[in-house]
Amino acid sequence: MFSKSFRVKSNTVIKGSDRRKLKADISTAFPSLSVEDLSELVPNKEELNVVKIYAHKGDAVTLYVLHKNPVLFELDKCLYPTVYTLWHYPHVLPTFTTWPPVLQKLAGGADLMLPGVVVPLSGIPEVKKGDCCAVKVVSNRAPMAVGTATMSSAEMRSLGMKGRGVSVLHTYMDSLWAFGDKSGPPSIPDVDTEGVEATYEEEEEEEDDEATEGGEEEPCPNRVPDAPCSGIQELSLADREEGEGEDPEDLRSPQEQMDALLLQCFLQALKSKVKKSELPLLTSSFLRIHMFSCCPSGKQLDIKKSSYKKLSKFLQCMQQQHSLVRVKELSKGVESIVEVDWKNPELRSFRTPKDPGIEEASVEVGRAEGEKPYHPPEITTLYSVSSRLEPLFQDAKKRKGTVLQPAEVRAIITDYVKRNELVDENNKNYVIINPILCDCLLEKSEYQEVEALKWDDLFSRTLYKMQHCHQLVFPGQPPIVKKGHIEPIDISVASRGSNKKVTMIKNLEVYGLDPMAVSVALQHRVQASSALNPVPGSKDRVLVQIQGNQVQQVCKLLLDKYQIPCKYIHGLDNKVQKPGRKK
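Attention here is on the structure that accompanies the text. (Residues numbered from 1 in each chain as written. Predicted model: local features only at pLDDT ≥ 70, side-chain atom pairs only at ≥ 80, totals over all residues. Heavy atoms only, no water.)

### Regarding the sheet that holds strand β12 (residues 281-282)
Argument step 1. Taken together, three strands build an open sheet; the order of strands is β12-β14-β13 and the sheet is antiparallel. Unpaired on one side and paired on the other, β12 and β13 (325-331) mark the two borders of the sheet.
Argument step 2. The sheet strands contacting helix α11 (residues 311-320) are β13 and β14 (334-340), and the helix crosses β13 at an angle near 130°. (Pairing = 2+ DSSP bridges. Helix = DSSP H or I, 4+ residues; strand = E, 2+ residues; numbered from the N terminus. Contact = heavy atoms within 4.5 Å. Axes fitted to C-alpha atoms, helices over the stretch in contact; angles between N-to-C directions.)

Below, the structure written as structure tokens:
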């Protein structure tokens, strides 16, 4: 949940009554805490802050912060301790044990799988499905993660310790931990797993001895077998290809990881995005349109975090050391890629990494929960019989509130006119107004003036006097009928401080769209940060907010990918006006 950064909504000091309630809730949730422990965790006279945040997937979470460290967090009305609290009270939760390398995967957002659980001599802790539990590593009682059990202990044993064991919510080294003082875990000896740790270390030493038996030292640690080193220490094209088989990011610095990501996006953009007809191509356009779109899901391309710092220096390296492109300044201060060496061996040998997350980012949240891909609903305009028109529909046995399609209304009115012989004999294009039609369709000022109406006028007046409704039909679901006109998807652009623009999208839920999925898809399209905010005055509506004027990209996403008809999208005129086209 906290593998990515979250957004703070508010930060306030807790009230006295809320402090007492919190202490009672903690005592109920964690009965093993003594009175002294509760007084230390929620002191009476020290400042305790309540911080309300939104996680990166839109979940509303409440943090309780003491001495600048989050000590508890509340999600869906359930309290969970943070690792800062568990380091002081490791006995509070039932704890599962795992190996140290697994911790890195948990911090990245993975759940704890049962094959990775170390079973001590005393056995696994007794838990029920949904119970709050902790995760620690062998030889140290200090918990490193907090989550909920996905099944009971009995089910874990009956399945042979296979499957998902703990749904992880918070870990050491995640963004919630970073919200505190970033202190490291204490070393608390664990008698139950000391023997297991010794065995684990012996196995590691044996593997190391076997790995270094040859005594030959590799000149390039990340070298692909049977492939020569490129000789460039800062960035090796061979390093990128080996990354498909191993996970070298664990051993590289953040700067080296960004260098490798920059190179991968560069090569992928040249091989799969850029066409010869596009040259010369502005370097800024190449980065914004082509390289950003090649960035794998879950990562963000940031040249400032690389060793190059600037795009011009990176392209200069690609030109001088690798001869992949030729960059030229066609106008003062504006560089363009004028030539690409498509026959370059490094470019030809590059293999595009498989990353389904980019293509299917809009449905990754839904798919994780077992949802089907999105299909737009069928929207039908309907009309409901009003109290004023009820006499007109009485012969058809349609009472007040009956919902009809326009064709049904037309058929009922036509039948009524013919049954009562109201067609004008002199001009059959007109219908004579009888008392019922007069009361139902005419205004008071027209009672003495209008004696007949044209057929089209008769139908239009009838539909106008009826209550508007709409029907939504999603694939595989029963029809949904609601009163009133359907609300369009509203796209608006607002200004923030320093003339910064933000694009806001609301009413996505009306069309069955997941705001989180739309937010993720837009992030990948425009490479800008987005946020989810509740719509004021609505309990179940969420507002998607993304940096910059992104109306054009939002429209393309809604029209092309989600196939929402243009008439149901409001705010298309808020696109960025290009120079020379202002009216």
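Next comes the rest of the description.
### Concerning the side chain of R461
Argument step 1. Looking at the secondary structure, you find R461 in helix α17 (residues 455-465).
Argument step 2. With a relative accessible area of 18%, R461 lands in the buried category.
Argument step 3. Within the structure, the side chain of R461 is placed 3.3 Å from the backbone oxygen of L441, a separation counted as a polar contact.
Argument step 4. Once you skip the residues sitting within four places of it in the chain, R461 turns out to touch L441, L442, E446 and L453. (Buried < 20%, exposed > 50% of the residue type's maximum accessible area, 1.4 Å probe, protein only. Polar contact = N/O pair within 3.5 Å; in protein donor to acceptor, adjacent residues only side chain to side chain.)

### Digging into the packing of helix α18 (residues 515-526) against helix α19 (residues 551-561)
Argument step 1. Interhelical geometry of α18 versus α19 gives an angle of 120° and a closest axis separation of 10 Å. What the angle tells us is that α18 and α19 run oblique. Every pair of crossing elements has a handedness; the one defined by α18 and α19 is right-handed. Here V518, A521, L522, R525 and V526 of α18 lie close against α19, whose contacting residues are Q553, V554, K556, L557 and K561. (Parallel < 35°, antiparallel > 145°, perpendicular 65-115°, else oblique. Left-handed = near helix turned anticlockwise from the far one by under 90°.)

### A closer look at unusual backbone geometry
Apart from glycine, the bulk of residues carry a negative phi angle, and the bulk of peptide bonds sit in the trans form.
Argument step 1. At the junction of L279 and P280, the peptide bond is cis and its omega measures out at -5° in the coordinates.
Argument step 2. For P280, the position within the fold is in the loop between α9 (254-272) and β12.
Argument step 3. Here the phi dihedral of K68 falls at roughly 70°; this positive angle occurs in a residue that is not glycine.
Argument step 4. Considering the arrangement of structural elements, one finds K68 in the loop between β3 (60-66) and β4 (69-75).
Argument step 5. A positive phi is found at K397, a non-glycine position, where the angle reads about 60°.
Argument step 6. Examined against the element boundaries, K397 turns out to sit in the loop between β15 (378-384) and β16 (403-404).

### What about the sheet that holds strand β5 (residues 78-81)?
Argument step 1. Spatially, β1-β2-β3-β4-β5 is the arrangement adopted by the five strands of the open sheet, whose pairing is antiparallel. In the strand order of this sheet, the two ends are held by β1 (7-13) and β5, each with one partner. When the angles between neighbouring strand axes are averaged without regard to direction, this sheet yields 25°.
Argument step 2. Sheet topology note: the β4/β5 ladder contains four bridges and is antiparallel. For E74, the partnering residue across the bridge sits in β5 and is L79.
Argument step 3. Lying on the sheet, helix α1 (residues 16-29) is in contact with β2 (48-54), β3, β4 and β5; it crosses β5 at an angle near 80°.

### Description of the nonpolar core
Argument step 1. Counting residues in each nonpolar core, the largest one holds 34 residues, and the members touching the most others are L22, I26 and L63.
Argument step 2. At the level of secondary structure, the elements contributing two or more residues to this core comprise α1, α2 (35-41), β2, β3, β4, β5 and β9 (132-137).
Argument step 3. Take this core: its biggest share by element is five residues, from β3.
Argument step 4. Among all residues touching I26, those that are not within four sequence positions of it are L33, L38, L41, V42, L72 and L79.
Argument step 5. Residues M258, C265, L267 and V325 belong to the second largest nonpolar core, which totals 32 residues. (Core = buried A, V, L, I, M, F, W, Y, C linked by side-chain atoms within 4.5 Å.)

### Quick look at α18
Argument step 1. The terminal C-alpha atoms of α18 lie 16 Å apart, and with 12 residues this matches the ideal 16 Å at 1.5 Å per residue to within 8%.
Argument step 2. Of all 12 residues in α18, 10 are buried; the element is thus mostly enclosed.
Argument step 3. Those residues of α18 that fall on the buried side of the exposure criterion are P515, M516, A517, V518, S519, V520, A521, L522, H524 and V526.
Argument step 4. Capping the start of α18, D514 holds a side-chain oxygen 3.1 Å from the backbone nitrogen of M516, two or three residues further along.
Argument step 5. At the exit of α18 stands Q527, carrying a positive phi of roughly 55°. (Expected span 1.5 Å × (residues − 1).)

These values are about where atoms sit, not about what they do.
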